[in-house]
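Tertiary structure, described
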Amino acid sequence: MSCYISSGVALGCSDSIGSLKKIYIVGGPGSANGGITGVTYNASGEITGSTIASGTTIYGFEIKRNTSSLTQNFTKSFENGTGYYEQILTAVFYKYQADLRNQVKILGQNDELEIIAVDQNDTQYYLGLTNGMYLSAGAGTTGTALGDLNGWSLTFTGQEAQPAPIISGTLATVFSGATISG
């Protein structure tokens, strides 16, 4: 594999927007609800298909715009010749309620989460593909003032050798065989 680039990137139009609008969570290959056991790629490196363990469910979590984000930081050790991408997903959920509290408790116990983050441009990112994601921080709050957040702010973190691949196609097509809930 060459370490040299083979093309540039054009500036393009200013037609994209920020923020996430939804995330989907699978417990991972070792979870009780199955898992995504493999993916296939097209020539551009986008995920176009998958193999699914029987009984896999992908759960949707809706997010309000302007509240949640995905950041991928590259960390390199020049001395050691190593580098990796840290995937950090921050998601805000409204209403501190029992169902959400119970989900947060379960998410905090799983270190192999696979998460699909969908941004406002409908780009779908597959996080934790090889090493999984984990709930690294979070806070549930009632707020102080009437206009404050009543809900949860959660941070999921993962470290991968590559940046998160983009999923090409609908989730139902790419992950056919899985139940997509929400």
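The sections below set out a description of the structure shown in this document. These numbers come from a predicted model, not from an experiment.

**Details of unusual backbone geometry**
- A positive phi is found at K95, a non-glycine position, where the angle reads about 75 degrees.
- Here D122, not a glycine, exhibits a phi torsion of approximately 65 degrees, which is positive.
- Here D122 shows up in the loop between β7 (114-119) and β8 (124-127).

**Structural notes on the side chain of T56**
- With respect to the helices and strands, T56 occurs in the loop between β3 (47-52) and β4 (57-62).
- At 2.7 Å, the side chain of T56 forms a polar contact with the backbone nitrogen of G35.

**A closer look at the pattern of salt bridges**
- Inspection of the entire model under this criterion finds one salt bridge.
- K21 serves as the salt-bridge partner of D122, at 2.4 Å between the closest nitrogen and oxygen. Separated by 101 residues along the polypeptide, D122 in the loop between β7 and β8 and K21 in strand β1 (residues 20-26) bring together distant segments of the chain.
- Since its relative accessible area comes to 30%, K21 is described here as partly exposed.

**Structural notes on the sheet that holds strand β10 (residues 151-160)**
- The strand order across the open sheet formed by four strands is β5-β6-β10-β9, and the pairing between neighbours is antiparallel. Edge positions in the sheet fall to β5 (69-77) and β9 (134-141), since each of these pairs with one other strand and no more. Taken over all neighbouring pairs, the strand axes of this sheet differ in orientation by 15 degrees on average, direction set aside.
- Sheet topology places strand β6 (residues 82-94) next to β10; ten bridges connect them, and they run antiparallel. In the sheet register, E86 faces β10, and the bridge partner there is Q159.
- Running over the sheet, helix α1 (residues 98-107) touches β6, β9 and β10 and is turned about 20 degrees from β10.

**Overview of the packing of aromatic side chains**
- Within this structure, the stated rule accounts for four aromatic pairs.
- Centre to centre, the rings of F74 and Y85 are 4.8 Å apart; their planes meet at 45 degrees, and the pair counts as tilted. Of this pair, F74 sits in strand β5 while Y85 is found in strand β6, placing the two residues eleven residues apart along the sequence.
- With a relative accessible area of 45%, F74 lands in the partly exposed category.
- With relative accessibility at 23%, the residue Y85 sits in the partly exposed group.
- A ring pair is formed by Y96 and W152, whose centres lie 5.2 Å apart and whose planes are at 25 degrees; its orientation type is stacked. Residue Y96 is located in the loop between β6 and α1, and its partner W152 is located in strand β10; the two are separated by 56 residues in the primary sequence.
- On the basis of relative accessibility, which here comes to 40%, the residue Y96 falls in the partly exposed class.
- In this arrangement the basic side chain of K64 is found over the ring face of Y94, its NZ or CZ atom lying 4.8 Å from the centre.

**Overview of the pairing of β10**
- Within β10, eight of the ten residues are buried, which leaves the element mostly enclosed by the surrounding structure.
- When β9 meets β10, the two strands line up antiparallel, connected through seven bridges. From the neighbouring strand, A137 faces β10, where its bridge partner is T155.

Thresholds applied
- Residues numbered from 1 in each chain as written.
- Predicted model: local features only at pLDDT ≥ 70, side-chain atom pairs only at ≥ 80, totals over all residues.
- Heavy atoms only, no water.
- Helix = DSSP H or I, 4+ residues; strand = E, 2+ residues; numbered from the N terminus.
- Polar contact = N/O pair within 3.5 Å; in protein donor to acceptor, adjacent residues only side chain to side chain.
- Salt bridge = Lys/Arg side-chain N within 4 Å of Asp/Glu carboxyl O.
- Buried < 20%, exposed > 50% of the residue type's maximum accessible area, 1.4 Å probe, protein only.
- Pairing = 2+ DSSP bridges.
- Axes fitted to C-alpha atoms, helices over the stretch in contact; angles between N-to-C directions.
- Contact = heavy atoms within 4.5 Å.
- Phe/Tyr/Trp six-rings, centres within 6.5 Å; stacked < 30°, edge-to-face > 60°.
- Lys NZ or Arg CZ within 6 Å of the ring centre and 35° of its normal.

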